Amino acid sequence: MQKKLHIKVGDTVKVLSGESRGQEGTVLTIDRNKERATVGGVNMVKRHTKPSASEPQGGIVEKEGTIHISNLMVVVKGQATRVGRKENAKGKLVRYSKKSGEEIK
């Protein structure tokens with residue numbers, strides 16, 4: 001069984017530590033086994049690529065690197081917040097903002 005995480009693909013997150021500290025972006029992918037996420041426009045790394053059919057020129061390509069999930073915090077209404085879980089009125093387990101108490105979609 002895999003561990004439940006406080007972020008999901010599509011969430012807006014803020015980077016708490018590392019070279020990209022303070023930057024915000026949207027979660028593109030999550031690797032549940034390594035507990036790492038790719039955030040759009042954050043932690044840009046350069047990769048040297050060989051020429052291929054999709055990249056006929058080859059060369060140096062800039063793309064997003066992964067960031068450990070512990071270094072990310074969900075942003076709700078412009079504010080970074082911790083995430084909790086509780087049952088809503090329908091009895092479904094939902095994520096909520098610990099700062100404002102509102103449900104996270």
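Everything quoted here is computed from the prediction, not taken from an experiment. (Residues numbered from 1 in each chain as written. Predicted model: local features only at pLDDT ≥ 70, side-chain atom pairs only at ≥ 80, totals over all residues. Heavy atoms only, no water.)

Visitor: What am I meant to see in the overall build of the protein here?
Guide: From N to C terminus, the protein includes zero helices and ten strands. Mapped in sequence order, the helices and strands of the protein form the string β-β-β-β-β-β-β-β-β-β. Here the C-alpha atoms of the protein give a radius of gyration of 17 Å, more than 25% beyond the 13 Å that 2.2 N^0.38 yields for 105 residues. Taking the principal axes of the C-alpha coordinates as reference, the protein spans close to 55 × 30 × 20 Å. Residues counted as buried form 28% of the 105 residues belonging to the protein. Across the protein, the fraction of contacts at a sequence separation of at least 24, relative to all contacts at a separation of at least 6, is 38%. Of the roughly 7400 Å² of accessible surface on the protein, a fraction of 47% belongs to carbon and sulfur atoms. In the protein, 22 side chains carry a positive charge and 11 a negative one; their mean positions are 5 Å apart. (Helix = DSSP H or I, 4+ residues; strand = E, 2+ residues; numbered from the N terminus. Rg over C-alpha atoms; globule rule 2.2 N^0.38 Å. Buried < 20%, exposed > 50% of the residue type's maximum accessible area, 1.4 Å probe, protein only. Contact = heavy atoms within 4.5 Å. Areas by Shrake-Rupley, 256 points an atom, 1.4 Å probe, with all protein chains shown as cover. Lys, Arg positive; Asp, Glu negative; His and termini not counted. Charge placed at Lys NZ, Arg CZ, Asp CG, Glu CD.)

Visitor: When you look at the sheet that holds strand E1 (residues 12-15) in this model, what are you seeing that I'm missing?
Guide: Ordered by their spatial adjacency, six strands build an open sheet running E6-E3-E2-E1-E7-E8, and the pairing between neighbours is antiparallel. The strands lining the two open edges of the sheet, one partner per strand, are strand E6 (66-68) and strand E8 (79-81). Neighbour to neighbour, the strand axes of the sheet diverge by 55° on average, direction disregarded. Relative to strand E3 (residues 36-39), strand E2 (residues 24-31) is paired through four bridges, and the arrangement is antiparallel. The residue of E3 that forms the bridge with Ile-30 is Ala-37. (Pairing = 2+ DSSP bridges. Axes fitted to C-alpha atoms, helices over the stretch in contact; angles between N-to-C directions.)

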